[in-house]
Amino acid sequence: MEFLPLFFSFKGRSALVVGGGEVALRKVALLVKAQAKVIVVSPEVHNEIEALVSSSGGEVKLKTFDPSDVSNMNLVIAATNNIEVNTAVANQAHNLNIPVNVVDQPKLGNFIFPAIVDRSPIIAAVSSGGSSPVLARLLRAKLETVIPSSYGRLALLAEKYRAKVKQSFAHINLRRGFWERALTGPIAELVFAGKEREAEALINEELDNKEPVKKELGEVYLVGAGPGDPDLLTFKALRLMQQADVVLFDRLVSKPILELCRRDAHMVNVGKARSDHLVPQEGINQLLVDYAKKGHRVLRLKGGDPFIFGRGGEEIQELTDHGVPFQVVPGITAAAGCSSYAGIPLTHRDFAQSVRFVTGHLKNNTTDLPWSELAYTNQTIVFYMGLMGLPIICSKLIEHGMSPDMPIALVQKGTTPEQKVIIATLGTMVKTLESQTVSAPTLIIVGEVVSLHDKLKWFDPNQSLMRNID
């Protein structure tokens, strides 16, 4: 091991940065964040450096480097593009036994900066020993996905109760057991959901009883899985997917996304297709209630976004009626995901100043829509679940004044390796589809923005890495 990883407190300590460009700016910002008193020496400085240095109680010295600048410093950083200056800074720091870092020249210094994941007071750092900073940043990005920002709040809560827990449990093993339960169970989940008061109440209850409080109710996580590409999941969605012990999923949730769920979770397919519901909506609502009342952490995984034609409102209404706690995690709705991957911006200053999301399949099995409002220029219309009603959609829009030449796109299985984009006009789309094989799920986009597809398309499903997974 060439470097010993340490975490030093630099609050109020003096740090010298030699250099005034963008590289120096990044180091100054980091030192200010660590509450160091920063001194910058450079003939010229980036316009943001002076304000940062001032906020730290430090000073900007507009001059060339002199060895005397290193005196009385606790830390030195050489961040110029002049190797002679950097070498002089490093040599003087070495002479005075002051830790020194030389940016992009680690051999000249005696410490390096790691790639940092800041969840203060939780800090994670990754270093390649200077051999590959890019690789260190990539590893940091992976850590970012598994360390939610709310872990900082959880650490602050643990700090607040550390002394009380020590008083309540004399033996270290008992304290360790308490914290393992607190930091991985219901208490942690309350903190992640922003319910610190409830989390503290539960901690105090457990400390008073000196044994785990058994929760009679579980919790339901209503999570949007997005349109299909697992890379579009949010961090919070992924975390809840990996801790739920029961998963109720729709047919629109892609296989690569399902594989990210907890391996030993009980998987329940409640997939719904038009006029073919594996489990009726009322049955899904009841399953959520039943599993939660048995104390399970239940993941309701839905394609797209739960609140945009996803019946999420109906499900949480049922949970509310039965007093079941829940969280809702938004997902990238199909309109945003599919249009982006098809190279069709939903709004554009030259073509569309508004966008409307419309369901092509109503609860009464009709397409009785406000056609006169939809047949309006300078807007984009996105139809969900409109494949079966496409002939009616085209004819009604034309009937209510929209030009037969208006561009229309049909996107099949958007964001996935099976994505297929068919471009036509309102007057020709029905005929065009006669020679095409199309399968749900599909999304229909109507508007002048569709004309940008050929120029802006960027996603090639044949090159998708997901093809080897799904």
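One structure accompanies this document, and this report is about it.

**A closer look at the side chain of Arg-239**
Item 1. Inspection of the secondary structure assignment puts Arg-239 in helix 9 (residues 235–241).
Item 2. For Arg-239, a relative accessible area of 12% gives the class buried.
Item 3. Discounting chain neighbours no more than four positions away, the residues touching Arg-239 are Pro-148, Glu-189 and Phe-192.

**Structural notes on the state of the cysteines**
Item 1. All told, the structure shown has 0 disulfides when counted by the stated rule.
Item 2. Take Cys-338: it sits in no disulfide, and the sulfur closest to it among the cysteines is that of Cys-394, at 18 Å.
Item 3. Its relative accessible area of 5% is what places Cys-338 among the buried residues.

**Some remarks on the pairing of strand 1 (residues 14–18)**
Item 1. Across the 5 residues that make up strand 1, a large majority, 5, are buried.
Item 2. A two-sided burial pattern is seen for strand 1, the buried positions comprising Ser-14, Leu-16 and Val-18 on one face and Ala-15 and Val-17 on the other.
Item 3. As defined by bridge partners, strand 1 adjoins strand 2 (residues 37–41) across 5 bridges and the pair is classed as parallel. Within the sheet, the bridge partner assigned to Val-18 lies in strand 2 and is Val-41.
Item 4. Once you follow strand 1 into helix 1 (residues 22–33) and on to strand 2, the crossover reads as right-handed.

**Re helix 8 (residues 196–209)**
Item 1. End to end, helix 8 covers 20 Å across 14 residues, agreeing with the expected 20 Å (1.5 Å per residue, within 8%).
Item 2. For helix 8, the complete set of buried residues consists of Ala-199, Glu-200, Leu-202, Ile-203, Glu-206 and Leu-207. Buried residues of helix 8, viewed axially, fall in a sector of 160 degrees; they line one side. In this structure, helix 8 carries Arg-197 and Asp-208 as exposed residues pointing more than 90 degrees from its buried face.
Item 3. On its buried side, helix 8 packs onto helix 5 (151–168), helix 6 (172–184) and helix 7 (186–192).

**Describing the side chain of Gln-379**
Item 1. Mapped onto the elements, Gln-379 comes out in strand 16 (residues 379–384).
Item 2. Within polar-contact distance, the side chain of Gln-379 engages the backbone oxygen of Glu-373 at 3.3 Å.
Item 3. Only 3.0 Å separates the side chain of Gln-379 from the backbone oxygen of Leu-374, close enough to count as a polar contact.
Item 4. The residues contacting Gln-379, other than those within four sequence positions of it, are Phe-351, Ala-352, Ser-354, Arg-356, Glu-373, Leu-374, Val-446 and Gly-447.

**So, the sheet that holds strand 14 (residues 326–329)**
Item 1. The sheet built from 5 strands is open, its strands ordered 10-9-13-8-14 with parallel pairing. Strand pairing shows two members of the sheet lacking a second neighbour, strand 10 (266–269) and strand 14, which therefore form its edges. Averaged over all pairs of adjacent strands, the angle between strand axes in this sheet comes to 15 degrees, irrespective of strand direction.
Item 2. In the sheet, strand 9 (residues 246–249) pairs with strand 10 via 4 bridges, with the strands oriented parallel. Residue pairing in the sheet places Val-247 in a bridge with Met-267 of strand 10.

**As for helix 13 (residues 334–341)**
Item 1. Counting buried positions along helix 13 gives 6 out of 8 residues, so the element sits mostly inside the fold.
Item 2. Listed in full, the buried residues belonging to helix 13 are Ala-334, Ala-335, Gly-337, Cys-338, Ser-339 and Tyr-341.
Item 3. Along its buried surface, helix 13 packs onto strand 15 (354–359), strand 16, strand 17 (407–412) and strand 19 (442–446).
Item 4. Once helix 13 ends, the next one or two residues include Gly-343, with phi positive near 70 degrees.

Rules of the game
- Residues numbered from 1 in each chain as written.
- Predicted model: local features only at pLDDT ≥ 70, side-chain atom pairs only at ≥ 80, totals over all residues.
- Heavy atoms only, no water.
- Helix = DSSP H or I, 4+ residues; strand = E, 2+ residues; numbered from the N terminus.
- Buried < 20%, exposed > 50% of the residue type's maximum accessible area, 1.4 Å probe, protein only.
- Contact = heavy atoms within 4.5 Å.
- Disulfide = S-S within 2.5 Å.
- Pairing = 2+ DSSP bridges.
- Right-handed = clockwise from strand over helix to strand, strands pointing away.
- Expected span 1.5 Å × (residues − 1).
- Arc of directions from axis to C-beta.
- Polar contact = N/O pair within 3.5 Å; in protein donor to acceptor, adjacent residues only side chain to side chain.
- Axes fitted to C-alpha atoms, helices over the stretch in contact; angles between N-to-C directions.

None of the figures reported here should be taken as evidence of function without further support.
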